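Analysis of the macromolecular model
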Amino acid sequence: MLSQAAVLVRWADAPTDVIGFWRMAMTVPILTVWSLRLGQYKIAAFRSRGLWIRILGCAVFLFLHWRLWFLAVQQTTVANATVCFALSPLLTAIGALVFFGERIHARLVIAVLLGLTGVVWMEWGEFALEGARRGDLLGLLSTAAFAGYILVSKSIRTRLPNLVFTSVTYGLVGVMFAVCLWAQGQPFTGYPASTWAALAALTLGPTLLGHAVFTYCLNYLNVNLMTCATLFEPIFAAIVAAWAFGEPVRLQTVAAFLLVSLGVLILYAPKVSFRTKD
């Protein structure tokens with residue numbers, strides 16, 4: 001499900017802020033009702049000013065991630081965009097080193113070097129799609145923003161249930177997209193049926209069944225194992241994009257994917273276990 005987000009964004013064929021706003025507008029009510037039915041909302045948990053500052057920080061990073069990601073998918077190939085996003089575990093590890101003082105080790109150095117080599121290789125040569133180089137840069141910036149979101153949310157997830165945290169953060173992100181729409185004078189409605197179908201699929205698939213199931217599995221599977229499992233996303237996304245949009249998959253992109261994947265596996269595979277507890 002997660003792997004098809006880029007394909008659905010391309011299919012929506014709408015302004016980035018429209019996609020972002022309606023994705024949140026369709027998702028937040030479902031998550032809110034779900035968490036209320038489970039009795040997870042506790043007013044006392046939101047009385048901390050520091051907590052709200054961190055939640056707002058998460059929302060800003062997530063907003064930047066999605067907005068840059070939508071622009072990237074519209075300007076480069078789906079394969080290139082998803083390979084850029086596959087770098088997120090490496091960027092998160094670098095962020096943890098810089099901001100949380102986690103120690104540097106040989107696996108991290110090797111993984112980062114492989115990832116950087118992969119990106120440089122992917123950028124080597126001509127592009128079949130005009131403006132793809134700018135799209136790839138936006139994809140890398142989007143991935144950096146996602147790493148920021150993960151790092152900032154690290155402490156929040158221990159204080160709030162995931163459904164509550166997600167619904168509040170998504171709500172703030174939706175407001176940010178709405179402000180962008182209003183500021184640019186773009187209409188909120190009036191788009192073709194294909195756009196609404198893509199937005200509904202984006203909400204149901206990558207957002208609810210993708211992210212929700214991923215979060216649920218984290219309760220039972222090791223987080224490093226789940227991180228490695230997401231490396232399959234570029235493969236599935238590239239296959240569907242080739243079929244749906246006729247996008248060619250360049251040799252440089254394949255080589256970049258292999259190098260980035262090898263880097264992530266080197267960083268996390270030695271720590272992987274199928275159980276979170278003995």
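Residues numbered from 1 in each chain as written. Predicted model: local features only at pLDDT ≥ 70, side-chain atom pairs only at ≥ 80, totals over all residues. Heavy atoms only, no water.

**Section: the confidence of the model for the protein**
As a reminder, the rule being used: Residue-level confidence of the predictor, termed pLDDT, takes values from 0 up to 100. Between two residues, a contact is recorded if the distance between any of their heavy atoms is within 4.5 Å.
Mean pLDDT over the protein: 81, with 84% of residues reaching 70 or higher. Predicted confidence is poor over residues 272-278, with pLDDT under 50, and the contacts of this stretch with residues over four places away or in other chains come to 12 contacts.

**Here's the deal with the nonpolar core**
Counted only if it meets this: By nonpolar core we mean a set of buried residues, namely Ala, Val, Leu, Ile, Met, Phe, Trp, Tyr and Cys, connected to one another through side-chain atoms within 4.5 Å. Each residue is assigned to one of three classes by its accessible area relative to the maximum for its type, calculated with a 1.4 Å probe on protein chains only: buried under 20%, partly exposed between the two thresholds, exposed over 50%. Strands here mean DSSP runs of E at least two residues long; helices mean DSSP runs of H or I at least four residues long; both are numbered from the N terminus.
Ranked by size, the top nonpolar core spans 48 residues in total, and within it Ile 19, Trp 66 and Val 173 carry the most contacts. Secondary-structure elements contributing two or more residues to this core are α1 (5-12), α2 (16-37), α3 (49-75), α4 (78-85), α7 (132-156), α8 (162-184), α9 (193-217) and α11 (233-245). Sorting elements by how many residues they give to this core places α8 first, with 11 residues. If we skip the residues at most four places from it in the chain, Ile 19 touches Val 9, Ala 12, Ala 14, Phe 70, Gln 74, Leu 199 and Leu 202. Core analysis: the next-biggest nonpolar cluster, separate from the first, contains 13 residues, Leu 90, Ala 93, Ala 111 and Tyr 268 among them.

**Some words on the environment of Leu 141**
Its location among the elements puts Leu 141 in helix α7. Put simply, Leu 141 and Leu 68 are 73 residues apart on the chain and 7.0 Å apart in space, counted from C-alpha to C-alpha.

**With respect to the packing of helix α6 (residues 106-122) against helix α12 (residues 251-268)**
In plain terms, the rule: Geometry is summarised by axes, namely lines fitted to C-alpha atoms with helices restricted to the contacting stretch, and by angles between N-to-C directions that run from 0 to 180 degrees. Small angles under 35 degrees read as roughly parallel and large ones over 145 as roughly antiparallel, with 65 to 115 read as roughly perpendicular and the rest as oblique. Ten residues, namely Ala, Val, Leu, Ile, Met, Phe, Trp, Tyr, Cys and Pro, are considered nonpolar, four, namely Asp, Glu, Lys and Arg, are considered charged, and the remaining ones, Gly among them, are considered polar.
Running from N to C, α6 and α12 point in directions that differ by 170 degrees, and their axes come no closer than 8 Å. One finds that α6 runs roughly antiparallel with respect to α12. Here Arg 107, Leu 108, Ile 110, Ala 111, Leu 114, Gly 115, Thr 117, Gly 118, Trp 121 and Met 122 of α6 lie close against α12, whose contacting residues are Gln 252, Thr 253, Ala 255, Ala 256, Leu 259, Val 260, Leu 262, Gly 263, Ile 266 and Leu 267. Class assignment of the residues belonging to the contact of α6 with α12 gives a composition of 13 nonpolar, 6 polar and 1 charged.

**Comments concerning the pattern of salt bridges**
To be explicit about the condition: A pairing counts as a salt bridge when a side-chain nitrogen of Lys or Arg comes within 4 Å of a carboxyl oxygen of Asp or Glu.
For the coordinates displayed, the defined rule picks out 2 salt bridges. Close ionic contact of Asp 17 with Arg 67 constitutes a salt bridge, the shortest N to O distance being 2.7 Å. With a gap of 50 residues between them, Asp 17 in helix α2 and Arg 67 in helix α3 connect regions that are remote in the sequence. Judged by its relative accessible area of 1%, Asp 17 is buried.

**Quick word on unusual backbone geometry**
The phi angle at Asp 13 is positive, at roughly 50 degrees, despite the residue not being glycine. Position of Asp 13 among the secondary structure elements: in the loop between α1 and α2. You can call Asp 13 exposed: its relative accessible area is 66%.

**Describing α11**
To keep things clear, this is the line we draw: For a helix, the expected span equals 1.5 Å multiplied by the number of residues minus one. In this description, the arc belongs to the directions extending from the helix axis to the C-beta atoms.
The terminal C-alpha atoms of α11, which comprises 13 residues, lie 17 Å apart, in line with the 18 Å expected from a rise of 1.5 Å per residue. Regarding α11, the residues found buried are Glu 233, Pro 234, Ala 237, Ala 238 and Ala 241. The buried residues of α11 occupy an angular sector of 115 degrees when projected down its axis, which confines them to one face. Looking at α11, the residues exposed on the side facing more than 90 degrees away from the buried face are Ile 239 and Trp 243. Positive phi appears at Gly 246, one or two residues downstream of α11, with a value of about 70 degrees.

**Some remarks on the environment of Thr 32**
Stated formally: Any pair of nitrogen or oxygen atoms within 3.5 Å is treated as a polar contact; in protein, a donor-acceptor pairing is required on top of that, and neighbouring residues in sequence qualify only through side-chain atoms on both sides.
Inspection of the secondary structure puts Thr 32 in helix α2. Residue Thr 32 is classed as partly exposed on the basis of its relative accessible area of 22%. Spatially, the C-alpha atoms of Thr 32 and Val 168 are 8.3 Å apart, while their sequence positions differ by 136 residues. Once residues within four sequence positions are removed from consideration, Thr 32 is found in contact with Tyr 41 and Ser 167. A polar side-chain atom of Thr 32 sits 2.8 Å from the main-chain carbonyl oxygen of Val 28.

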